[in-house]
Amino acid sequence: MTKKIVQIENVGQSFDTKKGRFVALRDIDLDIHEGESIALIGHSGCGKSTLLNLIAGLTRPSSGVMLCGGREIAGPGPERAVVFQNHSLLPWLTCFDNVYLAVERVFAAKEGKASLKRRTHEALELVGLAHAETKFPHEISGGMKQRVGIARALSMQPRILLMDEPFGALDALTRANLQDELMKILAATKATMVMVTHDVDEAVLLSDRVVMLTNGPAATIGEILEVGIERPRDRLALAHDAHFGECRAAIMEFLYHKQLKRAA
Amino acid sequence: MTAAMIAARPGNMAGTDATEADAGRTAVPIDETGNELPATASAAKVEGGVKEKAGKSASPPAEPLAGRIGEWARAALRTVLPPLAGLALLIGIWHLATFGGGGIPGPGQTWDAAVALFSDPFYIDGPNDQGIGWNVLASLERVGIGFGIAALVGIPAGFLLGRFALLSQMLNPIISLLRPVSPLAWLPIGLLVFQRADPAATWTIFICSIWPMILNTAQGVTRVPQDYLNVARVLNLSEWKVFTRILFPAVLPYMLTGIRLSIGTAWLVIVAAEMLTGGVGIGFWVWDEWNNLKVEHIIIAIFVIGIVGLILEQMLMLVARRFSYENR
């Protein structure tokens, strides 16, 4: 087995609200291995994003232990880059400057300006946006913005890439396109990825393991599905693949039979 | 038009709701004007512009030159004619109202007085008798100094208030209490502290222009989208970078709204303050001409004050447009 990057042991998360204590997550145990792609799936409101924020260090768990590279996660860090659902680019900076902000933070201590600029350029090239460097976020399409968001995350050379429904706001064709590109990028950079999604196809297509969460409140890991489909994966070929269908069916069974939301 | 603008001003300095509504309202027009004329979009428009030009150079032969000029003239007429008609209506009513004589001079009389007045705007005939140009400049100087100090104090204070909830809880009741007070009520305090009329007038301007800047800046800081702050946290940016790259650009449109409201109020207040303090200044000049019973000069002063206020407002609109950005 390869090295564990993130270890989540017996983690629970609860919030104090006006109505009393609200338990969002309980008893989460999960190890994320180097180079692995994991999809977190579950009904909306089940705490997928909460779990991702915990790994990112944006929030601290109420109980349990979270380790990254053997050290406790005490806050956000450059080794865990986040891609947000709504791209979160700064509208007053060009695409280049948006990425440069991240590069500068991570590498400015050791490298000169030319090297930082080269890294920024490479990150944008990786997502196929070298030509749009000087554009501002409002001048490019939603898909392109999301790519800049991915470039910003990748430019930090993180050990793990955390994605919160990165393609959720995009149309189906753009989404498929970006999924394919993400697979190529992950293969090329051998990056580790955790992605929150509510799209069954996306989960099976992109990940090695699909982590299914039970319904909240007090959600926990219900099942973990090993996808085990050879890479590189081709979406057209997989459309008629029996094993792909089985994986899909297993997740659907979990979501729509075992964890059917009564009043959704 | 200028009268309506001035009449609308006191609402801005009155209740809490007014400024909040103003801030909310003005935040939108900035985006709208930004859409029309985005400074940042110029790079993108270069490409489009080339294509447009190509398209235009292909089309002119089909359209006769005279036709195009006619169309342009018609468009110009459409934008110029209604305001001109409004102005003519105003002057017409003014003329009719003063036709039968009485204390108020008619348009013709005022025009003659204006021509005489503006033929020598920069004369100095002793401390209490100077040209209208000097009076306007003296008022602008007071507004500039008072407003400048208010900006130096108010904008940082607004950032602090927006960033630290405790501070805003401490100071908000005080600000709410003091803001509705007419700045002229502060004039005696200024006279007492500074012992001279001139700094006292500047002090009044300082007081009246500081509130909109504090409140709008603070509101801008609290309205910085959480997404951007999350980016700052995930990228682990230093406090300085958070300020220069995220906080300041995000707050800038709100800040400019505050500045615009402040300048407007300051220009409104200076006239009244100078009436009380005397010296050189457009407000004092109005009062002096009243004492001399030169009513046509008072009417001229009203127009001058309105036009200067309009120019100040438009200049700041231009600045605001330059720094506006589109959110999405």
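Note that the structure is predicted; figures quoted are calculated from it, not measured.

Colleague: What is the right way to read the packing of aromatic side chains from this model?
Modeller: Each aromatic ring pair is summarised here by two numbers: the centre-to-centre distance and the angle between the ring planes. Here the structure, examined in full by the defined rule, presents 11 aromatic pairs over all chains. Site record: aromatic cluster; members linked through ring pairs are F159, W240, F243 and F248 of chain B. Of note, R119 of chain A hangs over the ring of F107 of chain A, and the distance from its end group to the ring centre comes to 3.7 Å.

Colleague: I tried to follow empty space enclosed by the protein on my own but got confused; where do I start?
Modeller: Left-over empty space is what a probe sized like a water molecule reveals as it rolls over the atoms. In the structure shown here, the tally under the stated rule is 3 cavities of 30 Å³ or more. Residue lining of the second largest cavity: A81, V82, F84, R152, A153 and M156 of chain A together with V231, V234 and L235 of chain B, and that is the complete set. Elements with a minimum of two residues in the lining of the second largest cavity: β6 (80–83) and α4 (142–155) of chain A together with α10 (226–234) of chain B. Of the residues that constitute the lining of the second largest cavity, the class distribution is 8 nonpolar, no polar and 1 charged.

Colleague: Would you mind going over the confidence of the model for chain B with me for this structure?
Modeller: Predicted coordinates in areas of low pLDDT are best not read in detail. All names here are of chain B. Mean pLDDT over chain B stands at 79; residues scoring 70 or higher make up 80%. Low pLDDT, under 50, characterises residues 1–60; the stretch is placed with 61 contacts to residues that sit more than four places away or in other chains. Listed scores for the predicted complex are pTM 0.71 and ipTM 0.80.

Colleague: Can you walk me through the state of the cysteines in this structure?
Modeller: In protein chemistry, a disulfide is the covalent bond that joins the sulfur atoms of two cysteines. All names here are of chain A. Applying the stated criterion to the full structure yields 0 disulfides over all chains. Among the cysteines around C46, which has no disulfide bond, C247 carries the closest sulfur, lying 20 Å off. Assessed through its relative accessible area of 1%, C46 is described here as buried.

Colleague: Can you help me understand the side chain of T110 of chain B in this one?
Modeller: All names here are of chain B. Here T110 is to be found in helix α5 (residues 107–118). Given a relative accessible area of 6%, T110 falls into the buried group. When neighbours within four sequence positions are excluded, T110 is seen to be in contact with W94, P105, E296, I299 and I300.

Colleague: Hey, could you run me through the packing of helix α12 (residues 282–291) of chain B against helix α13 (residues 295–322) of chain B in this one?
Modeller: Two quantities define a packed helix pair, namely the angle between the helix axes and the distance between the axes. Residue and element names in this part refer to chain B. Orientation of α12 relative to α13, taken along the N-to-C sense of each, is 165°, at an axis distance of 9 Å. Classified by the interaxial angle, the pair formed by α12 and α13 is roughly antiparallel. Crossing angle aside, the handedness with which α12 passes α13 is left-handed. Mapping the contact onto sequence places I282, W285, V286, E289 and W290 in α12 and H297, I298, A301 and I305 in α13.

Colleague: Explanation requested: the pairing of strand β7 (residues 160–164) of chain A in the structure shown.
Modeller: Remember that side chains alternate between the two faces of the sheet whenever the strand is regular. Residues and elements named next belong to chain A. By the criterion of burial, β7 is predominantly enclosed, with 5 of the 5 residues buried. Taking every second residue as pointing to the same face, both faces of β7 are buried, with I160, L162 and D164 on one and L161 and M163 on the other. Strand direction decides the pairing type here: β7 and strand β8 (residues 192–197), joined by 5 bridges, are parallel. If you follow M163 over to β8, its bridge partner there is M195.

Colleague: Which parts of the structure should I look at to understand the interface of chain A and chain B?
Modeller: Where interface size is given, it is often the accessible area lost as the parts come together that is meant. Across the contact, 26 residues belong to chain A and 22 residues belong to chain B. A combined buried area of about 2,300 Å² lies between chain A and chain B, and 64% of that area is made up of carbon and sulfur atoms. The interface formed by chain A and chain B contains 1 salt bridge. Between the two partners, chain A and chain B, sit 6 residue pairs in polar contact (both at pLDDT 80 or more). Those elements that place two or more of their residues in the side of chain A that touches chain B are α2 (95–107) and α4 of chain A. If one sorts the elements of the side of chain A that touches chain B by residue count, α2 of chain A sits on top with 4 residues. When its residues are assigned to classes, the side of chain A that touches chain B shows 14 nonpolar, 6 polar and 6 charged.

Parameters at a glance
- Residues numbered from 1 in each chain as written.
- Chains lettered and ligands numbered in written order.
- Predicted model: local features only at pLDDT ≥ 70, side-chain atom pairs only at ≥ 80, totals over all residues.
- Heavy atoms only, no water.
- Phe/Tyr/Trp six-rings, centres within 6.5 Å; stacked < 30°, edge-to-face > 60°.
- Lys NZ or Arg CZ within 6 Å of the ring centre and 35° of its normal.
- 1 Å grid on protein atoms, 1.4 Å probe; cavity = no way out; pocket = protein on both sides within 12 Å on 5 of 7 lines; lining within 4 Å.
- Points joined across faces, edges and corners; volume = space filled by probe spheres on them.
- Helix = DSSP H or I, 4+ residues; strand = E, 2+ residues; numbered from the N terminus.
- Nonpolar A, V, L, I, M, F, W, Y, C, P; charged D, E, K, R; others polar.
- pLDDT = per-residue confidence, 0-100.
- Contact = heavy atoms within 4.5 Å.
- Disulfide = S-S within 2.5 Å.
- Buried < 20%, exposed > 50% of the residue type's maximum accessible area, 1.4 Å probe, protein only.
- Axes fitted to C-alpha atoms, helices over the stretch in contact; angles between N-to-C directions.
- Parallel < 35°, antiparallel > 145°, perpendicular 65-115°, else oblique.
- Left-handed = near helix turned anticlockwise from the far one by under 90°.
- Pairing = 2+ DSSP bridges.
- Buried area = accessible area lost by both parts, 1.4 Å probe.
- Salt bridge = Lys/Arg side-chain N within 4 Å of Asp/Glu carboxyl O.
- Polar contact = N/O pair within 3.5 Å; in protein donor to acceptor, adjacent residues only side chain to side chain.

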